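Close look at the chain arrangement
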Amino acid sequence: MANFIVITRAGPVLHLTINRPDKKNALTQAMYAELADQLDSSDRDPTIRIVTLTGAGDYFSSGNDVHDFDAFIGFDDTTPVVRFIKAIANCRKPIVAIVNGPAIGIGFTLLLHCDLVYAADTVFFNAPFTTLGLCPEAGSSYWLPLLAGYQRAAEILLLAERFDAQMAVELGLVNKVCKATELQSTVDAVLTRLRELPIDGLLTVKRLMKQAHRKSVEQTIQAELQEFAWLLQGEAFAEAFAAFNEKRKPIFHTD
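Remember, it's a predicted structure, so these values are computed and weren't measured experimentally.

A complete count under the given rule lists 2 cavities of 30 Å³ or more for this structure. What the largest cavity holds in volume is close to 70 Å³. For the lining of the largest cavity, the secondary-structure elements that each account for two or more residues are α2 (80–90) and α8 (199–232). Ranked by residues supplied to the lining of the largest cavity, first place goes to α8 with 5 residues. By residue class, the composition of the lining of the largest cavity is 3 nonpolar, 3 polar and 3 charged. Quantified by volume, the second largest cavity comes out at close to 40 Å³. Surrounding the second largest cavity, Phe108, Leu111, Leu112, Phe125, Phe163, Ala168, Leu173 and Val174 form its lining. Of the residues contributing to the lining of the second largest cavity, the split by class is 8 nonpolar, no polar and no charged.

This is the structure in structure tokens:
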């Protein structure tokens, strides 16, 4: 599994790289478990000050590996994806996302929990849950309307509209857009600045900014998981899954 999540350290910075480029960095349950373990351990390790998250190859992440749903057994606090969502939502350390390629599904919604997000100018974002007969997860139905406004969030979550990195900046979802060749150097400068600042102050400021939303985020995550589990058993997702495997457009009954 270490091959699918590459873990490196550079002094006080923990770098996590989603490394499944041949599958567009689609996330499996085993990958979620590794990410959750690393985020949880970073909180307990006083030598880690900052966590970065990026993808290998051309994608940041295309989201869930849909074939994992074949073995769906429900969501509880021991389920890897639930552990990951709660770990990233509750991580005490600053998380810097380096969006090197398209961010789709949970590959997009996880970014709403990151503290600083930098994206290449070539990337796009998409939350295609409704096209699969599903609902969004990771607290995104709370965070996205709060950050982007209800109407723009509705376009993204109800209509599953794809949008580019510049629009993400305008919506308040990304800090800065860079040329792909300048993305890493831009983030390196940010990491240098973070490393120079007293850690107690950083942790306190993050906690204070997040605490007013914590209860609402936790409640939303739980509600989303319940609805997601129900929709996952429905006819619409079954058709979407079959269409995906058969490489065709799904046919939904709308009357």
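From this point, the narrative continues.
The next point concerns the environment of Gln219. Examined against the element boundaries, Gln219 turns out to sit in helix α8. Counting along the chain gives 77 residues from Gln219 to Tyr142, while the straight-line C-alpha distance between them is 9.5 Å.

Bringing the layout of surface pockets into the picture now. Reported here for the largest pocket is a volume of approximately 790 Å³. Lining the largest pocket are 32 residues, with Ser62, Asn64, Val66, Leu132 and Phe244 sitting closest to its centre. The greatest single-element share of the lining of the largest pocket, amounting to 5 residues, is contributed by helix α9 (residues 235–246). Considering only residue class, the lining of the largest pocket consists of 18 nonpolar, 7 polar and 7 charged. In this model, the second largest pocket occupies a volume close to 330 Å³. If you trace the second largest pocket, you find 16 residues lining it, with Leu112, Cys114, Asp115, Leu147 and Lys210 closest to the centre. Among the elements of the structure, β6 (116–120), α4 (140–148) and α8 are those that each provide at least two residues to the lining of the second largest pocket. In terms of residue count, α8 provides more of the lining of the second largest pocket than any other element does, 4 residues in total. Taken together, the residues of the lining of the second largest pocket break down into 10 nonpolar, 3 polar and 3 charged.

On to the side chain of Arg20, then. Structurally, the position occupied by Arg20 is in the loop between β2 (13–18) and α1 (29–44). A distance of 2.8 Å separates the side chain of Arg20 from the side chain of Asp65, its partner in a polar contact. Look past the residues within four positions of Arg20 in its chain and what remains in contact with it is Phe4, Asn25, Ala26, Thr28, Met31 and Asp65.

Attention now moves to the environment of Leu231. Considering the arrangement of structural elements, one finds Leu231 in helix α8. Residue classification places Leu231 among the partly exposed residues on the basis of a relative accessible area of 22%. Through-space distance from the C-alpha of Leu231 to that of Gly133 is 6.8 Å; in sequence the pair is 98 residues apart. Not counting residues up to four positions away in its chain, the partners in contact with Leu231 are Gly133, Leu134, Cys135 and Phe237.

With that settled, consider the pattern of salt bridges. Under the counting rule described, the total for this entry stands at 10 salt bridges. Among the ionic pairs, Asp40 bridges to Arg83, the shortest N-O distance being 4.0 Å. You can see Asp40 sitting in helix α1 and its partner Arg83 sitting in helix α2, a full 43 residues away along the chain. Among the ionic pairs, Glu196 bridges to Arg193, the shortest N-O distance being 3.8 Å. Here the residue Glu196 and the residue Arg193 both occupy positions in helix α7 (residues 183–196), the gap between them amounting to 3 residues, near one helical turn.

Conventions and cut-offs
- Residues numbered from 1 in each chain as written.
- Predicted model: local features only at pLDDT ≥ 70, side-chain atom pairs only at ≥ 80, totals over all residues.
- Heavy atoms only, no water.
- 1 Å grid on protein atoms, 1.4 Å probe; cavity = no way out; pocket = protein on both sides within 12 Å on 5 of 7 lines; lining within 4 Å.
- Points joined across faces, edges and corners; volume = space filled by probe spheres on them.
- Helix = DSSP H or I, 4+ residues; strand = E, 2+ residues; numbered from the N terminus.
- Nonpolar A, V, L, I, M, F, W, Y, C, P; charged D, E, K, R; others polar.
- Polar contact = N/O pair within 3.5 Å; in protein donor to acceptor, adjacent residues only side chain to side chain.
- Contact = heavy atoms within 4.5 Å.
- Buried < 20%, exposed > 50% of the residue type's maximum accessible area, 1.4 Å probe, protein only.
- Salt bridge = Lys/Arg side-chain N within 4 Å of Asp/Glu carboxyl O.

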